[in-house]
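These are the residues of each chain, in order.
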Amino acid sequence: FIVDELHFLGGDSGPTLEVILSRMRYVSSQKQQRGKSSSLRILGLSASLANAREVGEWMGVPTKSQFNFSPKVRPTPLEIFFQSFDQSSFSAR
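Residues numbered from 1 in each chain as written. Predicted model: local features only at pLDDT ≥ 70, side-chain atom pairs only at ≥ 80, totals over all residues. Heavy atoms only, no water.

## With respect to the overall build of the protein chain
Per the secondary structure count, the protein chain includes two helices and two strands. Across the protein chain, helices and strands are ordered from the amino to the carboxyl terminus as β-α-β-α. The dimensions of the protein chain, computed from C-alpha atoms along their principal axes, are 60 × 40 × 15 Å. Counting every position in the protein chain, which comprises 93 residues, the buried fraction comes to 11%. By sequence separation, contacts in the protein chain at least 24 residues apart represent 54% of the contacts at least 6 residues apart. Accessible area for the protein chain stands at about 8500 Å²; split by element, carbon and sulfur atoms hold 53% of it. Counting 11 positive and 8 negative side-chain charges, the protein chain places the averaged centre of each group 16 Å from the other. (Helix = DSSP H or I, 4+ residues; strand = E, 2+ residues; numbered from the N terminus. Buried < 20%, exposed > 50% of the residue type's maximum accessible area, 1.4 Å probe, protein only. Contact = heavy atoms within 4.5 Å. Areas by Shrake-Rupley, 256 points an atom, 1.4 Å probe, with all protein chains shown as cover. Lys, Arg positive; Asp, Glu negative; His and termini not counted. Charge placed at Lys NZ, Arg CZ, Asp CG, Glu CD.)

Here is the structure:
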């Protein structure tokens, strides 16, 4: 089971993705309890994830099976920009 764009857990579709992952983990645990020889492998992918270790632990991934690559190995450097706006009052919606 491949989960791409894992960083969406923190966005609008996060709860849906969380339910899907939780359900797949449940299915995997049920297969293991019934003695099925093939276990479910979950592969989570993300371009940038600040809390990769925490997400991996939540997914039940052993520490030795987590791979979090340093920004130094990226073929294109990752650039971070912060932009702010001065606004004295918010308009009503």
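## Some thoughts on unusual backbone geometry
Generally, phi is negative for residues other than glycine and the peptide bonds are trans, each holding for most cases. Within the chain, Glu-5 stands out as a residue other than glycine whose phi angle is a positive 60 degrees. By secondary structure assignment, the location of Glu-5 is in the loop between β1 (2-3) and α1 (14-33).

## As for a nonpolar patch on the surface
The grouping of Ile-2, Leu-43 and Leu-45 at the surface amounts to a nonpolar patch, some 270 Å² of accessible area in total. Inspection of the secondary structure assignment puts Leu-45 in the loop between β2 (43-44) and α2 (52-58). (Patch = residues over 30% accessible without salt bridge, like charges linked within 9 Å, V, L, I, M, F, W, Y side chains within 5 Å. Salt bridge = Lys/Arg side-chain N within 4 Å of Asp/Glu carboxyl O.)

## Examining α1
In this model, α1 (20 residues) spans 29 Å end to end at C-alpha, consistent with the 28 Å of a helix rising 1.5 Å per residue. Along α1, the residues classified as buried are Gly-14, Leu-17, Leu-21 and Ser-28. In a view along the axis of α1, the buried residues occupy a sector of 70 degrees, so they form one face of it. Of the residues in α1, the exposed ones pointing more than 90 degrees away from the buried face are Pro-15, Thr-16, Val-19, Arg-23 and Gln-33. At its buried positions, α1 is contacted by β1 and α2. In the stretch just after α1, Gly-35 is the one whose phi turns positive, near 80 degrees. (Expected span 1.5 Å × (residues − 1). Arc of directions from axis to C-beta.)

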